[in-house]
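Residue strings, one per chain:
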Amino acid sequence: MKPSQQQQWPKWNQVDWPTTLFLTITPVVGLIGTGVAIGVEGFSWGMALFSLIFAALTNLSITAGYHRLFSHRSYDAHPVARWILVFIGTSAWQSSALKWCTDHRKHHAEVDTDEDPYSINRGFWYAHLGWMFFKPAEDFKIHCPDLEKDPLLRFQHNHYIKCAIAVGFLLPWLIGWMVGYPLTGLFMAGALRIGLTQQSTFFVNSLCHTFGKRTYSDQITARDSLFVAVLTHGEGYHNFHHKFQIDYRNGIRWWQWDPTKWTIETMKYLGLASKLRTVSPTEILKARLHMESITLTSRGYSQEKLEALKAKVLHAQVRMKKLKEDYAHLKVEYRRLKADYAKKTAEWQEHSRESIERMKTEITLAKLEFRYSLKQWKALVKSPVPVAIS
Ligand SMILES: [Zn+2]
Ligand SMILES: [Zn+2]
């Protein structure tokens, strides 16, 4: 389907009032409620820190869980990690993982068309928030065949509202109550955290399709921006993500701000994630060079010369990669030989030491035997009468 330029918002009778009110009122209630809670209970640094950590974990459970694990399957997660991501993800009030992934996969498959659930072509606010104000189309169905087999995700989907009330509001209230700050727990770590983390996710659909550079493709509205990456836990390198959605990273350089990537790498280190998928550096460079050559052509550079230089860069990259791999293999082999040599030397030293000890003992015995037999001989010489020889 061709990108649409003049897409219309749905009609008023299609408004999903409970969702609309929840999305708009929660941040306000969170903010006012937090003020009231502080007035009544006093300010607690402990509760503020707890709310902040809970907010960061909520965002990460959406970006590393709902998004990169469930929607894109960019890595495999241990059942314990899946459970934690679903548990905290439920507290975000961003619907079940199955609904979220159905919408998100459609967003990727139909990006910028009428079928894109949060198409930026319907306007910034529609992509940010507006699309959730309306009931899904009558023919909307959960469509994630691979995820629907997971009993954990099915359970979360079937009992979403009850679970979200429990984890999103009752849990922080309970934790606050246990330390003497129930209202702070409910409003700061509950409503305010939900309101703010929702906005962080919504920025991905609005800001990430509006601000930044189209580094890898100009066929999509998605853009790369460090500023947006900071607001969205690393999802701001969105042009890369749309072009190479299977890659578990969004910021591919080690220094690019992508806490979600660092979380997945830490999970791997802890044995909670495996099979982290990446796109080949050649494919990534090819796409970048293609985009940059469009800019250079517009500056008047000859297409032919640019193509030749592009081929040279790509060839050099492949050669460098191959040499790096060979070097890594050589290093492993060298370490193995070195270890082998050290082991053989140690064995030889041990063997030599044993031989030396054995020889020393043999020499001592021979010396004793010599002395004893010589003594015997001398006794024969000295004796005037014959004696028996033993
Ligand atoms: Zn995505
Ligand atoms: Zn997008």
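Bear in mind that the values here come from a model prediction, so they are computed numbers and not experimental data. (Residues numbered from 1 in each chain as written. Chains lettered and ligands numbered in written order. Predicted model: local features only at pLDDT ≥ 70, side-chain atom pairs only at ≥ 80, totals over all residues.)

Caption draft 1: Molecular detail of the overall build of the protein. Of the regular secondary structure elements, the protein holds 14 helices and two strands. In terms of principal-axis extent, the alpha carbons of the protein reach across some 140 × 70 × 40 Å. Within the protein, buried positions represent 33% of all 390 residues. Restricting to contacts in the protein with at least 6 residues of sequence separation, those with at least 24 account for 69%. (Helix = DSSP H or I, 4+ residues; strand = E, 2+ residues; numbered from the N terminus. Buried ≥ 20, exposed ≤ 12 C-beta atoms within 10 Å, placed from the backbone. Contact = placed C-beta atoms within 7 Å.)

Caption draft 2: Quick look at helix α7 (residues 151-158). For α7, the complete set of buried residues consists of L153, Q156 and H157. What you see down the axis of α7 is that its buried residues fit within an arc of 100 degrees, all on one side. Exposed residues lying more than 90 degrees from the buried face of α7 are P151 and N158. Turning to α7, the residues buried within the fold contact α3 (79-90), α4 (97-109), α6 (145-148) and α8 (160-178). (Arc of directions from axis to C-beta.)

Caption draft 3: Main features of the nonpolar core. A97, C101, L147 and F187 are the most contacted members of the largest nonpolar core, which has 40 residues in total. Elements represented by at least two residues in this core include exactly α2 (45-71), α3, α4, α9 (182-206) and α12 (259-269). Considering each element in turn, this core owes the most residues, 10 residues, to α2. Excluding anything up to four places from it in sequence, F187 contacts G30, G33, T34, A37 and L192. In this structure, C208, Y216, A222 and A229 belong to the second largest nonpolar core, which totals 13 residues. (Core = buried A, V, L, I, M, F, W, Y, C linked by C-beta atoms within 7 Å.)

Caption draft 4: A look at the confidence of the model for the protein. When the pLDDT values of the protein are averaged, the result is 93; 98% of them are 70 or greater. Note on residues 1-5: pLDDT is under 50 here. Beyond four places in sequence and across chains, it has 12 contacts. (pLDDT = per-residue confidence, 0-100.)

Caption draft 5: Just α4, in detail. Under the 1.5 Å per step criterion, the end-to-end length of α4 is 18 Å for 13 residues, consistent within 8% with the ideal 18 Å. Taken residue by residue, α4 has A97, L98, W100, C101, T102, D103, H104 and H107 as its buried positions. Elements that come into contact with the buried residues of α4 comprise α2, α3, α6 and α7. (Expected span 1.5 Å × (residues − 1).)

Caption draft 6: Just the domain arrangement of the protein, in detail. Along its sequence, the protein is carved into domain 1 (12-277) and domain 2 (280-374). Averaged C-alpha coordinates put domain 1 and domain 2 at centres separated by 44 Å. At the interface, eight residues of domain 1 touch four residues of domain 2. When the residues that make up the side of domain 1 that touches domain 2 are grouped by side-chain class, the tally is three nonpolar, two polar and three charged. (Domains from an automatic or database assignment. Nonpolar A, V, L, I, M, F, W, Y, C, P; charged D, E, K, R; others polar.)

Caption draft 7: The arrangement of the environment of W45 in detail. Relative to the helices and strands, W45 is located in helix α2. Residue classification places W45 among the exposed positions, given that 7 C-beta atoms sit within 10 Å. Once the C-alpha coordinates of W45 and N250 are considered, the two residues, 205 residues apart in sequence, prove to be 33 Å apart.

Caption draft 8: Fine view of the environment of R277. Looking at where R277 falls in the secondary structure, it is placed in the loop between β2 (273-274) and α13 (281-298). With 15 C-beta atoms packed within 10 Å, R277 lands in the partly exposed category. Sequence separation between R277 and T215 is 62 residues; the distance between their C-alpha atoms is 21 Å. Every residue in contact with R277, bar those within four places of it in the chain, is listed here: S74, Y75, I246, D247 and Y248.

Caption draft 9: How the structure looks around the packing of α2 against α3. It is the contact of α2 with α3, at a shortest axis distance of 8 Å, that shows an interaxial angle of 120 degrees. Between α2 and α3, the angle is such that the two are oblique. The handedness of the crossing between α2 and α3 is left-handed. When α2 is examined against α3, the residues L57, T58, S61, I62, A64, G65, Y66 and L69 are found in contact with a partner set consisting of L85, V86, I88 and G89. Across the contact of α2 with α3, the residue classes tally to eight nonpolar, four polar and no charged. (Axes fitted to C-alpha atoms, helices over the stretch in contact; angles between N-to-C directions. Parallel < 35°, antiparallel > 145°, perpendicular 65-115°, else oblique. Left-handed = near helix turned anticlockwise from the far one by under 90°.)

Caption draft 10: The arrangement of the packing of α4 against α7 in detail. In contact at an axis separation of 8 Å, α4 and α7 are set at 100 degrees when each is read in the N-to-C sense. With respect to each other, α4 and α7 are oriented roughly perpendicular. Contact residues: A97, L98 and K99 in α4; L153, Q156 and H157 in α7. Here the contact of α4 with α7 is composed, by residue class, of three nonpolar, two polar and one charged.

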